[in-house]
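Descriptive analysis of the structure
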Amino acid sequence: MVKPRVPAAPSVRRLPSYLHVINNLPVEGEYISGTFIAEELNLDSIQVRKDLAITGVTGKPKKGYRIEALRDAIENFLGWDKGFDAVLVGVGNLGSALMGYSELVRHGLHIIAAFDNNPRMVGKRVHGIPILNTKTMDIQLRTLGAKIAILSVPAEAAQETADVLIRAGITGLWNFTNVKLKTPEGIIVQKEDISSGYAMLCVRMKE
């Protein structure tokens, strides 16, 4: 079955960049223009206005958008104002880095626990987050209550791990492996392919 795609997905992907511009304004003020945001990010101002329109926020002619209203509109649209609890599976180099990435916390994603099968890791804390044994993951997840799991395990373990997570009640998977996961209807999977971004960088460097 073909899974539904998010409407205006490219616009959604740009919204965090707009929020970054707003939160790092060089001077204080009440309004910010779409043109200013566009210039900061090397985008077309019309595109910026179209992107912001999906949040429901409206600007004023010759003034732009009220900064607080725009920030609230973006965070509400993304769900970042409410936040989400998540677990992480696979505390390797990438997993550890994600656990220490403070921007996730700023945007409302709270990693409340991590799982790994390395005996030397289990029972310890990384960036203050407890490391639990993957053998007890299905039981622990029912107690933790998180609905999102960040998957950073080796490729060969990805599908089996995802199956366990889903059976334990996880409904959203942020997949950092290179495996295309097979999941039941109703499970949300967001795949992050770091190698694709690197490939694009390499091609652009060659040009």
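Above: the structure in question.
What this report covers is the structure whose coordinates are included nearby.

Let's shift gears to the overall build of the protein chain. When helices and strands are tallied, the protein chain shows nine helices and nine strands. By its C-alpha atoms, the protein chain is 60 × 40 × 35 Å across when sized along the principal axes. Across the 207 residues in the protein chain, those meeting the buried criterion constitute 34%. In the protein chain, once contacts between residues fewer than 6 apart in sequence are set aside, the share between residues at least 24 apart is 55%. Within the structure as shown, the protein chain displays about 13100 Å² of accessible surface, and the carbon and sulfur contribution to it stands at 54%.

With that settled, consider the pairing of strand 4 (residues 109-116). Of all eight residues in strand 4, six are buried, a share of seventy percent or more. In terms of strand pairing, strand 3 (residues 84-89) meets strand 4 through six bridges, oriented parallel. Across the sheet, residue Leu88 finds its bridge partner in strand 4, namely Ala114. Examined bridge by bridge, strand 4 and strand 6 (residues 129-133) share three bridges and lie parallel to one another. The residue of strand 6 that forms the bridge with Ala114 is Ile131.

Our focus in this paragraph is the side chain of Ser96. Looking at the secondary structure, you find Ser96 in helix 5 (residues 93-99). Separated by 2.8 Å, the side chain of Ser96 and the backbone oxygen of Gly92 make a polar contact. Not counting residues within four places of it along the chain, the set of residues in contact with Ser96 comprises Val91, Val126 and His127.

Turning our eyes to something else, we now look at the sheet that holds strand 3. In spatial order, the strands read 5-6-4-3-7-8-9; together these seven strands make up an open sheet with mixed pairing. The outermost strands of the open sheet, each flanked by one partner alone, are strand 5 (125-126) and strand 9 (188-191). Each of strand 3, strand 4 and strand 6 touches helix 7 (residues 137-144); the most contacted strand, strand 4, lies at about 160° to it. Running over the sheet, helix 8 (residues 155-167) touches strand 3, strand 7 (148-151) and strand 8 (172-175) and is turned about 170° from strand 7.

Analysis parameters
- Residues numbered from 1 in each chain as written.
- Predicted model: local features only at pLDDT ≥ 70, side-chain atom pairs only at ≥ 80, totals over all residues.
- Heavy atoms only, no water.
- Helix = DSSP H or I, 4+ residues; strand = E, 2+ residues; numbered from the N terminus.
- Buried < 20%, exposed > 50% of the residue type's maximum accessible area, 1.4 Å probe, protein only.
- Contact = heavy atoms within 4.5 Å.
- Areas by Shrake-Rupley, 256 points an atom, 1.4 Å probe, with all protein chains shown as cover.
- Pairing = 2+ DSSP bridges.
- Polar contact = N/O pair within 3.5 Å; in protein donor to acceptor, adjacent residues only side chain to side chain.
- Axes fitted to C-alpha atoms, helices over the stretch in contact; angles between N-to-C directions.

On their own, these measurements won't tell you what the molecule is for.
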